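What the coordinates show
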Amino acid sequence: MDRGVSRVATSSVGYYRLRQVDTDGTATRTEVRIVTFPKASVDVAVYPSPATTRATLDLRNQTEGSYQVQVLDATGRLVYTTTALGKQTLELPVQNWPTGVYFVRVQSTQGAVTTLRFSKE
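For clarity, every value in this text was computed on a predicted model and none was experimentally measured.

Reading the values: rules and limits
- Residues numbered from 1 in each chain as written.
- Predicted model: local features only at pLDDT ≥ 70, side-chain atom pairs only at ≥ 80, totals over all residues.
- Heavy atoms only, no water.
- Helix = DSSP H or I, 4+ residues; strand = E, 2+ residues; numbered from the N terminus.
- Polar contact = N/O pair within 3.5 Å; in protein donor to acceptor, adjacent residues only side chain to side chain.
- Contact = heavy atoms within 4.5 Å.
- Patch = residues over 30% accessible without salt bridge, like charges linked within 9 Å, V, L, I, M, F, W, Y side chains within 5 Å.
- Areas by Shrake-Rupley, 256 points an atom, 1.4 Å probe, with all protein chains shown as cover.
- Salt bridge = Lys/Arg side-chain N within 4 Å of Asp/Glu carboxyl O.
- Buried < 20%, exposed > 50% of the residue type's maximum accessible area, 1.4 Å probe, protein only.

What to know about the side chain of D73
Looking at where D73 falls in the secondary structure, it is placed in strand β8 (residues 66-73). Within the local environment of D73, its side chain forms a polar contact with the side chain of T75, the two groups lying 2.7 Å apart. If we skip the residues at most four places from it in the chain, D73 touches V79, V101, Y102 and F103.

Observations regarding a nonpolar patch on the surface
There is a patch of nonpolar side chains on the surface, built from V13, Y15, V32 and I34 and spanning about 440 Å² of accessible area. Position of I34 among the secondary structure elements: in strand β5 (residues 33-36). The class of I34 is exposed, set by a relative accessible area of 57%.

Structural data, given as structure tokens:
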């Protein structure tokens, strides 16, 4: 991860194998199985962090379509809300926000949600 960038990875593949132990102590194992989990988050980044006069929300890794964007302060109070488009970037108007920690919540129309943390100096 680059310094000053908050990013969330979205690939989810898991591997598992079961082991069963009988009451007499004998054990058997299954073959290794691969499980692919559906995409549960939105692959976005926000930079720089800390921000001073502006911050950029990067949605270039997303499919085209609209995304609901909410910015909350450290107390959970809604500071900013907008709709953004995939395959683009969005400038967040941080210049008038107080110094502190903020959370950017991005939700796709399919319901996938990602929350990123960034700070403002």
